Amino acid sequence: MPTSETWSNPLRAEHDKRLPRIAGPSGMVLFGITGDLARRKLLPAIYDLANRGLLPAGFTLVGFGRREWSKQDFEDYVLEAVRAGARTAFNEHVWARLAEGLHFVRGNFDDDAAFDRLAATLTELDSTRGTGANWAFYLSIPPESFSNVCHQLQRTGMAEGHGDSWRRVVIEKPFGHNQDSARELNEVVNAVFPEEAVFRIDHYLGKETVQNILALRFANQMFEPLLNAHYVDHVQITMAEDIGLGGRAGYYDGIGAARDVIQNHLIQLLALVAMDEPVSFSPRELQNEKVKVLRATSPITPFSETTARGQYTAGWQGSEQVVGLREEEGFDPESQTETYAAMTLGIQSRRWAGVPFYLRTGKRLGRRVTEIAIVFKEAPHQPFGALDTASLGENAMVIRVQPDEGMLMRFGSKVPGSTMEVRDVNMDFSYSEVFTEQSPEAYERLILDALLDQSSLFPTNEEVELSWAILDPILEYWAHHGSPDEYPAGTWGPRSADDMLARDGRTWRRP
Ligand code: BG6
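Thresholds, definitions, all that
- Residues numbered from 1 in each chain as written.
- Predicted model: local features only at pLDDT ≥ 70, side-chain atom pairs only at ≥ 80, totals over all residues.
- Heavy atoms only, no water.
- Salt bridge = Lys/Arg side-chain N within 4 Å of Asp/Glu carboxyl O.
- Helix = DSSP H or I, 4+ residues; strand = E, 2+ residues; numbered from the N terminus.
- Buried < 20%, exposed > 50% of the residue type's maximum accessible area, 1.4 Å probe, protein only.
- Near = heavy atom within 4 Å.
- Polar contact = N/O pair within 3.5 Å; in protein donor to acceptor, adjacent residues only side chain to side chain.
- Areas by Shrake-Rupley, 256 points an atom, 1.4 Å probe, with all protein chains shown as cover.
- UniProt positions renumbered as here; feature names shortened; annotations may be inferred.
- Contact = heavy atoms within 4.5 Å.
- 1 Å grid on protein atoms, 1.4 Å probe; cavity = no way out; pocket = protein on both sides within 12 Å on 5 of 7 lines; lining within 4 Å.
- Points joined across faces, edges and corners; volume = space filled by probe spheres on them.
- Nonpolar A, V, L, I, M, F, W, Y, C, P; charged D, E, K, R; others polar.
- Phe/Tyr/Trp six-rings, centres within 6.5 Å; stacked < 30°, edge-to-face > 60°.
- Lys NZ or Arg CZ within 6 Å of the ring centre and 35° of its normal.
- Pairing = 2+ DSSP bridges.
- Axes fitted to C-alpha atoms, helices over the stretch in contact; angles between N-to-C directions.
- Core = buried A, V, L, I, M, F, W, Y, C linked by side-chain atoms within 4.5 Å.
- Expected span 1.5 Å × (residues − 1).
- Bend = angle between axes of the 7 residues up to and from the residue.
- Parallel < 35°, antiparallel > 145°, perpendicular 65-115°, else oblique.
- Left-handed = near helix turned anticlockwise from the far one by under 90°.

1. Some remarks on the pattern of salt bridges
Side-chain pairs of opposite charge can arise where the charged atoms are in close proximity. By the definition in use, this model includes 33 salt bridges. Here Arg183 makes a salt bridge to Asp180, at a shortest N to O gap of 4.0 Å. Linking Arg183 with Asp180, this pair stays in helix H7 (residues 179–190), spanning 3 residues, or about one helical turn. On the basis of relative accessibility, which here comes to 35%, the residue Arg183 falls in the partly exposed class. According to the relative accessible area criterion, Asp180 is partly exposed, its value standing at 48%. Put simply, Asp404 and Arg400 hold a salt bridge, and the shortest N to O gap is 3.7 Å. Ionic contacts of the salt-bridge type, sharing partners, join the residues Arg217, Glu224, Asp276, Glu289, Lys292 and Arg351 into one network.

Below is the structure:
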């Protein structure tokens, strides 16, 4: 007779998932090496992976850029980025080994000779570093350059592996500025790399707490029965940041909060919270469920009432006096770019019909916090005196993505004493109190997954295009109706965002 253990866990003996997953022989070519992202996130993440022993011994990183750099200059640059940004302690031995695999090739994206040199360099490195001719090309560059780089990789034969070797492309956002441009970019990339070799980065999917949404929902019995229109009143997905946009004008002016954050991070969070259970966590099954829910998602109209946007003006961020967006260096003094965006989405499915999903994001808000709050309906009948429940709010389940990662359940409880007074209490699970393991940085996880050919945490071309399809009508409406409302730095956004929820008889949570 099989025991219940055998029934419930047929795979347990086969594969212990706690064993570290180490990338096989491989290397990476990084385009956009001098960019902010490479310096702050990618280079430190590569060092941290090496320090954790998750990269192959001969791992090789080739930087491609316009600077007149020797190998030593390049090493110095990477070392500085690592020293400033790595999360693990600096280890001379690990660094020395990583530095041996650092190489730099100088050139422009339209320079044939430079790409010929790059191809020759990779061939040479395959024989000297044991990279197995396996290369990931990381495009941390503006989308206008994707076409040039993909074309060059194809022309020089670098885009294709030979025999057992593989070639992959890892792409940073922004992935277009609307659905049409995203589709065009997908065509450009897919003409050179088959979809299974394309890894589009949404770094939110690399965050532990975002992956934990799947664990909370599908490893437990107690939450899932409640997550539907019978019990849920509405969902609020918030990504608030206290930072301003100084130094990011080149990228951000004309782009705005909805394109920068809602199209990718927040819509991905919505998909993970709202999708049905996937058959497995294989890339295809997971992506199928996300695509299904995204297809059913659309913005609620009229946009004059269901959306809000704002731009920060000068104000106080804590004890620091800060300037408004239009005074930030490099921004157009007449800039119409929104730094705050809020919108109401609906999901046309049996599970979610009639439940609004409110999404909001903004810069220079009260504090930095990302959370998903699932707010429940009132109990249908409350056998209490009206005064007893005067301090009872709505039940809520709040998944805190960052900082202070964890989950909070809010419900009513009797206040000790001789009456039946009920008041809200919180039950709080905090990662830092429960686990001793440190969470890896999102980029560590994603770079490792790309090297390991694990694509579950990367949105497909279809997901990207569907996300734009959700957003496009709102962007179109905004483009032709007025301008962003003002809000002083350090507050929680424009009044119009509060009015938007008040019309539905609701309020935003103050995290
Ligand atoms: C990026 C956006 O994708 O995410 C930035 O372009 C934003 O504007 C950043 O600041 C936030 O990331 P995180 O991981 O700090 O929440």
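2. Let's talk about the site of the ligand
Neighbouring the ligand are the residues Lys173, His203, Tyr204, Lys207, Met239, Glu241, Arg248, Asp260, His265, Lys363, Arg368 and Gln402. Here an oxygen atom of the ligand sits 2.6 Å away from a polar atom, N or O, in the side chain of Lys363. About the coverage of the ligand: the protein hides 83% of its 390 Å² of free accessible area.

3. What about the UniProt feature "binding site: substrate" (unreviewed entry) in the chain?
When the UniProt feature table is mapped onto this chain numbering, "binding site: substrate" (unreviewed entry) sits at His203, Lys207, Glu241, Asp260 and Lys363. In this structure, Glu241 sits in the loop between strand S7 (232–240) and helix H9 (249–252). For Glu241, the contacting residues outside a window of four places in its chain are Gly362, Lys363, Arg364, Leu365, Arg367 and Arg368. Among the polar contacts listed, one links the side chain of Glu241 to the side chain of Lys363, at a separation of 2.6 Å. Checked against the element boundaries, Asp260 lands in helix H10 (residues 256–274). Setting aside anything within four residues of it in sequence, one finds Asp260 in contact with Lys173, Arg248, Tyr251, Tyr252, Ile255, His265 and Lys363.

4. A look at the layout of surface pockets
Taken as a whole, the second largest pocket encloses approximately 370 Å³ of empty space. Taken together, 21 residues form the lining of the second largest pocket, with Phe376, Lys377, Ala379, Glu394 and Asn395 sitting closest to its centre. With 4 residues, the top contributor of residues to the lining of the second largest pocket is strand S16 (residues 406–414). Tallied by class, the residues present in the lining of the second largest pocket amount to 12 nonpolar, 5 polar and 4 charged.

5. Brief notes about the packing of aromatic side chains
Any two aromatic rings considered together are summarised by their centre-to-centre distance and by the angle between their planes. This structure, assessed with the given rule, holds 22 aromatic pairs. On the basis of an interplanar angle of 70 degrees and a centroid distance of 6.1 Å, the ring pair of Tyr358 and Trp508 is categorised as edge-to-face. Residue Tyr358 is located in strand S13 (residues 357–362), and its partner Trp508 is located in the segment after helix H16 (495–502); the two are separated by 150 residues in the primary sequence. On the basis of an interplanar angle of 45 degrees and a centroid distance of 5.3 Å, the ring pair of Phe429 and Tyr431 is categorised as tilted. What links up through ring pairs into an aromatic cluster is the set Phe31, Phe64, Phe109 and Phe115. Its guanidinium or amino end placed over the ring of Phe90, Arg83 lies 4.0 Å from that ring's centre, counting from NZ or CZ. When the ring centre of Tyr204 is taken as reference, the NZ or CZ atom of Lys207 above it lies at 4.6 Å.

6. Describing the sheet that holds strand S4 (residues 135–139)
Spatial ordering of the open sheet is given by S3-S2-S1-S4-S5-S6, a layout of 6 strands whose pairing is parallel. The sheet is open, and its two edges are formed by strand S3 (102–106) and strand S6 (198–200), each paired on a single side. Between one strand axis and the next, the sheet turns through 20 degrees on average, direction left out of account. In the sheet, S4 pairs with strand S5 (residues 167–171) via 5 bridges, with the strands oriented parallel. Across the sheet, Ala136 pairs through a bridge with Arg168, a residue of S5. Strands strand S1 (27–31), strand S2 (60–65) and S4 of the sheet are contacted by helix H2 (residues 36–51), whose axis makes an angle of about 175 degrees with S1.

7. What about the nonpolar core?
Grouped together as the largest cluster of nonpolar side chains are 149 residues, with contacts concentrated most on Phe31, Leu118, Phe137, Phe193, Phe357 and Leu359. By residue number, the principal contributor to this core is H10, which donates 12 residues. Beyond its immediate sequence surroundings of up to four residues, Phe31 is in contact with Phe64, Phe109, Phe115, Leu118, Phe137, Tyr138, Leu139, Ser140, Ile141, Val149 and Leu153. Core analysis: the next-biggest nonpolar cluster, separate from the first, contains 5 residues, Val375, Ala396, Val398 and Leu408 among them.

8. Topic: H10
When the terminal C-alpha atoms of H10 are compared, their 26 Å separation across 19 residues agrees well with the 27 Å that a helix rising 1.5 Å per residue should span. Along its length, H10 reaches its greatest deviation from straightness, about 50 degrees, at Ile262. Counting buried positions along H10 yields 18 of 19 residues, so the element is predominantly enclosed.

9. As for the packing of H10 against helix H15 (residues 461–480)
Taken N-terminus to C-terminus, the directions of H10 and H15 make an angle of 135 degrees; their axes are 10 Å apart at the nearest point. Classified by the interaxial angle, the pair formed by H10 and H15 is oblique. Regarding H10 and H15, the two cross each other, and that crossing is right-handed. Residues Ala258, Arg259, Ile262, Gln263, Ile267 and Gln268 of H10 lie in contact with H15, whose contacting residues are Glu463, Val464, Ser467, Trp468, Ile470, Leu471, Leu475 and Trp478. Taken together, the residues of the contact of H10 with H15 break down into 9 nonpolar, 3 polar and 2 charged.

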